[in-house]
Amino acid sequence: MKKTMTLVALFIAFCNISSFAQTDAQMKAWQDYMTPSDVHKMIAKCDGTWNEDVTMWMKPGDAPIKNKATAVNQMILGGRYQQTKTTGDMMGMPFEGFSLLGYDNLTKEFTSTWLDNFGTGTMTLKGKWDDKTKSITFKGKMVDPMSGKEVDVKEVLTIVDDNHQKFEMYIVMPTGEFKSMEISSTRA
């Protein structure tokens, strides 16, 4: 019985392996998909420590709230993604945030995932590069903790130059976009 079970397991394994056999073209497509591109090299240029001046607005017409933070960017997984760890003080409380920035070679889209200690949700956005403005415009959704509902979000990351970036976050409301955050970053 044990021998029969072993033979059945080997047969199933062989069938599964042979079903994944690939042509040279398929292998090349996979290789192209997994190899960091020039866009990944562009992202890597932003590795390092950045000092951030953060301005937030809780609702339209509110006075701005100013804070400072530090972001440390590092390419991970063989140069395929950029991990950012942000620390600072937000509204008098310790703040920690974590993001992953990626570029999908197949879809030609940037992906951004954000988590922080001011919530338990994950914000995920996708965006396209605009060479004219040297910016990525991301769109996605996040949960508004005050209403408990998902809201549309737009983020714009502008590469001003090698040592300066500007980040803007907008909440998309039925009445239009509301700018809720702006971060001016300078390489440390």
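Scroll up to find the structure.
Report follows, based on the coordinates. (Residues numbered from 1 in each chain as written. Predicted model: local features only at pLDDT ≥ 70, side-chain atom pairs only at ≥ 80, totals over all residues. Heavy atoms only, no water.)

Description of the overall build of the protein chain
Here is step 1 of the chain: If you tally the helices and strands in the protein chain, you get 3 helices and 10 strands.
Here is step 2 of the chain: When its helices and strands are written in sequence order, the protein chain yields α-α-α-β-β-β-β-β-β-β-β-β-β.
Here is step 3 of the chain: By the burial criterion, 29% of the 188 residues in the protein chain qualify as buried.
Here is step 4 of the chain: Considering only intrachain contacts with a sequence separation of at least 6, the fraction spanning at least 24 residues in the protein chain is 32%.
Here is step 5 of the chain: Here the protein chain has roughly 12,400 Å² of accessible surface; of this, 62% comes from carbon and sulfur atoms. (Helix = DSSP H or I, 4+ residues; strand = E, 2+ residues; numbered from the N terminus. Buried < 20%, exposed > 50% of the residue type's maximum accessible area, 1.4 Å probe, protein only. Contact = heavy atoms within 4.5 Å. Areas by Shrake-Rupley, 256 points an atom, 1.4 Å probe, with all protein chains shown as cover.)

Side note on the sheet that holds strand E2 (residues 65-76)
Here is step 1 of the chain: Taken in spatial order, the 10 strands close into a barrel running E1-E2-E3-E4-E5-E6-E7-E8-E9-E10, and their pairing is antiparallel. Strand-to-strand twist of the sheet, defined as the mean angle between neighbouring strand axes without regard to direction, takes the value 25 degrees.
Here is step 2 of the chain: Across 5 bridges, the pairing between strand E5 (residues 109-116) and strand E6 (residues 123-130) is antiparallel. Within E6, the residue paired with Thr-111 across the bridge is Lys-126. (Pairing = 2+ DSSP bridges. Axes fitted to C-alpha atoms, helices over the stretch in contact; angles between N-to-C directions.)

Some thoughts on unusual backbone geometry
Here is step 1 of the chain: Not every positive phi belongs to a glycine, and Leu-77 is a case in point at roughly 50 degrees.
Here is step 2 of the chain: Given a relative accessible area of 58%, Leu-77 falls into the exposed group.
Here is step 3 of the chain: Phi angles above zero are rare outside glycine, and Met-91 is one such case at about 55 degrees.
Here is step 4 of the chain: In this fold, Met-91 is placed in the loop between strand E3 (81-90) and strand E4 (93-104).
Here is step 5 of the chain: Relative accessible area serves as the criterion here: at 36%, Met-91 is assigned to the partly exposed category.

Details of the packing of aromatic side chains
What describes a pair of aromatic rings is the distance from one ring centre to the other and the angle between the planes of the rings.
Here is step 1 of the chain: Under the criterion given, the structure shown has 4 aromatic pairs.
Here is step 2 of the chain: An angle of 85 degrees between the planes, with centres 5.1 Å apart, marks the rings of Phe-95 and Phe-118 as edge-to-face. Within this pair, whereas Phe-95 is found in strand E4, its partner Phe-118 is found in the loop between E5 and E6, the two being separated by 23 residues in sequence.
Here is step 3 of the chain: A connected cluster of aromatic rings, assembled from ring pairs, spans Phe-95, Trp-114 and Phe-118.
Here is step 4 of the chain: The ring of Tyr-170 carries Lys-154 above its face, with NZ or CZ at 5.0 Å from the centroid. (Phe/Tyr/Trp six-rings, centres within 6.5 Å; stacked < 30°, edge-to-face > 60°. Lys NZ or Arg CZ within 6 Å of the ring centre and 35° of its normal.)

Some remarks on the pattern of salt bridges
Here is step 1 of the chain: Under the criterion given, the structure shown has 9 salt bridges.
Here is step 2 of the chain: A salt bridge links Lys-28 to Asp-32; the shortest N-O distance between them is 2.8 Å. Within this pair, Lys-28 and its partner Asp-32 are both found in helix H2 (residues 24-34), separated by 4 residues, close to a single helical turn.
Here is step 3 of the chain: A salt bridge links Lys-166 to Glu-168, with the nearest nitrogen and oxygen atoms 3.9 Å apart.
Here is step 4 of the chain: The partly exposed category is assigned to Lys-166, whose relative accessible area is 31%. (Salt bridge = Lys/Arg side-chain N within 4 Å of Asp/Glu carboxyl O.)

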